[in-house]
Amino acid sequence: MIADSSIRPSKLLRQARAGDADAVGRLLEWYLHYLKILASAQLDQKLRHRVSPSDIVQDTVCEAHRDFHQFRGDTERGFLF
């Protein structure tokens, strides 16, 4: 699935909070590149032979998707942090 750049994260967040399960996936996909950059920048070199930044992002996105129903925020900033 390729993120539709014409749909802003704030709109996807509203849709996801309204119960649109597909919007949750599209919202998380919107941030994949950002998460990969963060994981790459913060992953200690000593750990890179055991785990890749992509593995960390995949696990993180799976957990975020699974637990989205627990998210109580209503802003994009709240979602990111």
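Above this text sits the structure in question.
What comes next concerns the included structure.

What counts and how
Residues numbered from 1 in each chain as written. Predicted model: local features only at pLDDT ≥ 70, side-chain atom pairs only at ≥ 80, totals over all residues. Heavy atoms only, no water. Axes fitted to C-alpha atoms, helices over the stretch in contact; angles between N-to-C directions. Helix = DSSP H or I, 4+ residues; strand = E, 2+ residues; numbered from the N terminus. Parallel < 35°, antiparallel > 145°, perpendicular 65-115°, else oblique. Left-handed = near helix turned anticlockwise from the far one by under 90°. Contact = heavy atoms within 4.5 Å. Nonpolar A, V, L, I, M, F, W, Y, C, P; charged D, E, K, R; others polar. Expected span 1.5 Å × (residues − 1). Buried < 20%, exposed > 50% of the residue type's maximum accessible area, 1.4 Å probe, protein only. Arc of directions from axis to C-beta. Salt bridge = Lys/Arg side-chain N within 4 Å of Asp/Glu carboxyl O.

This paragraph deals with the packing of helix α2 (residues 21–30) against helix α4 (residues 53–67). With their axes 10 Å apart at the nearest point, α2 and α4 run at an angle of 150 degrees to one another. Viewed along their axes, α2 and α4 adopt a mutual orientation that is roughly antiparallel. The chirality of how α2 crosses α4 is right-handed. Packed against α2, whose contacting residues are A21, V24, G25 and L28, the element α4 presents V61, A64 and H65 at the interface. For the contact of α2 with α4, the per-class residue count stands at five nonpolar, two polar and no charged.

For α4, with 15 residues, the first-to-last C-alpha span of 21 Å sits near the 21 Å given by 1.5 Å per residue. Within the span of α4, buried status applies to P53, V57 and V61. In an axial view of α4, the angular spread of the buried residues amounts to 65 degrees, which keeps them on one side of the axis. The outward face of α4, more than 90 degrees from its buried face, is lined by the exposed residues Q58 and R66. Buried positions along α4 lie against α2 and α3 (32–42).

Another point: the pattern of salt bridges. As a working rule, side chains carrying opposite charge can pair if their charged atoms are close by. Summed over the entire model, instances satisfying the criterion amount to three salt bridges. R26 is the partner of D20 in a salt bridge, and the nearest nitrogen-oxygen pair spans 3.8 Å. Exposure remark for D20: the relative accessible area of 29% places this residue in the partly exposed category. For D22, the salt bridge is made with R26, and the minimal N-O distance between the two is 3.1 Å. With a gap of four residues between them, D22 and R26 both fall in helix α2, about one helical turn apart. Look at D22 and you get partly exposed, because its relative accessible area is 41%. Assessed through its relative accessible area of 19%, R26 is described here as buried. Among the ionic contacts, a cluster of salt bridges with common partners joins D20, D22 and R26.

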